[in-house]
Amino acid sequence: MIRVLSIFGTRPEAIKMAPLVKRLEEETSVENIVCVTAQHREMLDQVLEVFGIEPDFDLNIMKERQTLSDITVNALSKLYDLIGKVKPDIVLVQGDTTTTFVGALAAFYRKIPVGHVEAGLRTSNRYSPFPEEINRRLTSVLSTLHFAPTKRNKENLLRENTMGKIYVTGNTVIDALKYTVKEDYRFEDPVLRSVDFSSGRYILLTSHRRENIGKPLVNICRAVKRIVEEFEDVKVIYPVHMNPAVREIVFPILEGTERVILIDPVNVIDMHNLMARCYLIMTDSGGIQEEAPALGKPVVVLRKETERPEAIEAGVAVLGGVEEKKIFGIVKRLLTDEGAYQQMAKAVNPFGDGRASKRIVKAILHEFGLSDPPEEFN
Ligand code: UD1
Ligand code: UDP
């Protein structure tokens with residue numbers, strides 16, 4: 001039996017690890033162990049509930065307004081002890097959060113090999129996204145197996161002479177989409193349940209990134225206000241992240257604005273169905289940039305650069321920056337120029353084909369001599 005310890009802590013890691021954890025569960029030669037740091041609490045629990053995952057260990061580290069050092073110190077000491085006790089054959093981490101980096105570091109200190117899911121994304125700007133660009137680079141250095149979603153991600157790792165073995169697998173975030181989006185879906189969130197998506201055009205907005213908190217988020221909110229003022233058929237739905245630093249900027253500017261609907265974070269099935277029903281998406285989220293193209297929804301990326309250029313090259317995402325005027329201009333064009341909109345509203349899958357988890361499990365079995373290697377995603 002291969003003892004696999006999966007470690008994750010935030011909403012996006014949970015969403016992207018869930019399909020993999022489910023696959024590992026089915027594998028008879030794997031002992032599947034899950035540890036959550038609970039860097040996020042409510043937003044993590046929403047995902048665990050949807051996928052029916054009951055962690056074997058829950059480190060419950062979240063504190064309100066936690067600093068990066070709070071997360072690092074608390075998670076590291078607890079994970080180091082846990083890995084010492086569990087003695088896994090391999091530790092899996094996902095993405096670029098502080099839980100990701102610290103999970104890999106704790107495993108390295110115990111000389112346990114690390115498999116990094118979603119390896120090789122890069123912006124080459126150490127402060128954007130912050131601290132994620134450095135978290136994922138540090139994780140690459142610590143990992144022995146790199147599960148790169150795309151060929152470009154693999155090339156990034158090769159360019160850095162990364163130690164270890166690289167598998168191109170696709171992104172696990174696409175694996176879940178097949179099961180979540182339904183035409184006759186009934187929303188769990190009461191506000192979403194009451195929305196008539198055939199009345200007008202709905203824009204889905206999310207913004208939470210640390211480097212956007214402050215003036216950039218103010219600019220984003222102001223651009224949204226201008227959009228609904230100028231376009232009477234447009235409504236904006238914004239599930240607002242639970243971070244108080246985000247909420248105390250968003251609510252004073254947007255609360256009470258006509259046709260702007262502010263709601264709490266919704267569960268991922270609601271979210272995917274919401275994405276499938278909206279006209280376009282404005283976001284600074286990484287995961288949403290990957291999901292939206294698969295659903296044929298144009299994305300205005302509320303950042304200055306992206307580690308996911310595949311969507312921009314495919315013509316389904318555009319960099320909107322973080323200035324009010326620029327964001328407003330780009331969204332206005334998509335709302336008024338049908339040709340420009342249609343060019344972006346095409347379903348493409350640069351990030352995965354729904355079989356990433358399968359490939360990752362096969363790669364792990366292969367490393368332990370129990371399977372052929374998986375075919376690469378391309
Ligand atoms: C974290 C990740 C970021 C990822 C994001 C996904 C780091 C440094 N950042 O950022 O990469 O994109 O998650 O959403 O790893 N909070 C709650 N309940 C929750 C979740 C958060 O109350 O369920 C509040 C807490 O006050 C917490 C704060 O939000 O202190 C910030 O959470 P934190 O995980 O530190 O940062 P995020 O911005 O969520
Ligand atoms: N998401 C969700 N509910 C929400 C907002 C987002 O389930 O209210 C999902 C979204 O579909 C995607 C993931 O959360 O799968 C993205 O998480 P987030 O934006 O927090 O993090 P990032 O991807 O930027 O790291």
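Refer to the structure above for everything that follows.
Residues numbered from 1 in each chain as written. Chains lettered and ligands numbered in written order. Predicted model: local features only at pLDDT ≥ 70, side-chain atom pairs only at ≥ 80, totals over all residues. Heavy atoms only, no water.

The next thing to look at is the site of ligand 1. Taken together, 25 residues sit near ligand 1, with H40, E42, K63, E132 and R210 positioned nearest. Here an oxygen atom of ligand 1 and a backbone polar atom of K63 are 2.8 Å apart. R65 places a main-chain nitrogen or oxygen 3.0 Å from an oxygen atom of ligand 1. Considered on its own, ligand 1 offers 740 Å² of accessible surface; in the complex 95% of this is hidden by protein. Looking at the shell around ligand 1, the elements with two or more residues in it are α2 (42–51) and α3 (68–86). Taken together, the residues that form the shell around ligand 1 break down as 8 nonpolar, 9 polar and 8 charged. (Near = heavy atom within 4 Å. Polar contact = N/O pair within 3.5 Å; in protein donor to acceptor, adjacent residues only side chain to side chain. Areas by Shrake-Rupley, 256 points an atom, 1.4 Å probe, with all protein chains shown as cover. Helix = DSSP H or I, 4+ residues; strand = E, 2+ residues; numbered from the N terminus. Nonpolar A, V, L, I, M, F, W, Y, C, P; charged D, E, K, R; others polar.)

A word on the side chain of N219. On the secondary structure map, N219 appears in helix α9 (residues 215–230). Only 2.8 Å separates the side chain of N219 from the backbone oxygen of V322, close enough to count as a polar contact. Those residues in contact with N219, other than ones at most four positions away along the chain, are V322, E323 and E324. (Contact = heavy atoms within 4.5 Å.)

So, about the sheet that holds strand β11 (residues 280–283). Here 6 strands make up an open sheet; going across it, the order is β10-β9-β8-β11-β12-β13 and the pairing parallel. At either end of the open sheet lies a strand with only one pairing partner, and these are β10 (260–263) and β13 (317–319). On average, each strand axis in the sheet is inclined to that of its neighbour by 20°, with strand direction left out of account. As defined by bridge partners, strand β8 (residues 201–206) adjoins β11 across 4 bridges and the pair is classed as parallel. Within β11, the residue paired with L204 across the bridge is I281. (Pairing = 2+ DSSP bridges. Axes fitted to C-alpha atoms, helices over the stretch in contact; angles between N-to-C directions.)

It is worth spelling out the environment of T283 at this point. Note that T283 resides in strand β11. Side chain to side chain, T283 and T206 meet in a polar contact 2.6 Å long.

To continue, consider the environment of Q66. Structurally, Q66 can be placed in the loop between β3 (57–58) and α3. Sequence separation of Q66 and N243 is 177 residues, and the distance between their C-alpha atoms is 9.7 Å. Among all residues touching Q66, those that are not within four sequence positions of it are Q39, I61, I71 and R210. Side-chain polar atoms of Q66 contact the backbone nitrogen of K63, separated by 3.0 Å.

Take a nonpolar patch on the surface next. Together, Y80, F108 and Y109 make up a nonpolar patch on the protein surface, roughly 320 Å² of accessible area in all. Positionally, F108 belongs in helix α4 (residues 98–109). Residue F108 is classed as partly exposed on the basis of its relative accessible area, which comes to 47%. (Patch = residues over 30% accessible without salt bridge, like charges linked within 9 Å, V, L, I, M, F, W, Y side chains within 5 Å. Salt bridge = Lys/Arg side-chain N within 4 Å of Asp/Glu carboxyl O. Buried < 20%, exposed > 50% of the residue type's maximum accessible area, 1.4 Å probe, protein only.)

Here we take up the sheet that holds strand β1 (residues 2–8). A sheet is described by the order of its strands in space; here 7 strands give the open sequence β3-β2-β1-β4-β5-β6-β7, paired in parallel fashion. Among the strands making up the open sheet, the edge pair consists of β3 and β7 (165–168). Note that strand β6 (residues 145–148) and β7 share 4 bridges and pair parallel. Counterpart to A148 in the pairing with β7 is V168.

Let's shift gears to the site of ligand 2. In the vicinity of ligand 2, 17 residues are found, and the nearest of them are R11, V266, S285, G287 and E291. H208 has a polar side-chain atom sitting 3.2 Å from an oxygen atom of ligand 2. With respect to ligand 2, the backbone of V266 contributes an N or O atom lying 2.7 Å from a nitrogen atom. Protein contact buries 95% of the 540 Å² of open area that ligand 2 shows by itself.

So, on to the packing of helix α1 (residues 11–26) against helix α16 (residues 356–367). Where α1 contacts α16, the axes come no closer than 9 Å and their chain directions differ by 50°. Considering the angle they form, α1 stands oblique to α16. For the pair α1 and α16, the crossing hand works out as right-handed. Taking contact as the criterion, the partners of P19, L20, R23 and L24 in α1 are, on α16, S357, K358, I360 and V361. Looking at the contact of α1 with α16 residue by residue, the classes come out as 5 nonpolar, 1 polar and 2 charged. (Parallel < 35°, antiparallel > 145°, perpendicular 65-115°, else oblique. Left-handed = near helix turned anticlockwise from the far one by under 90°.)

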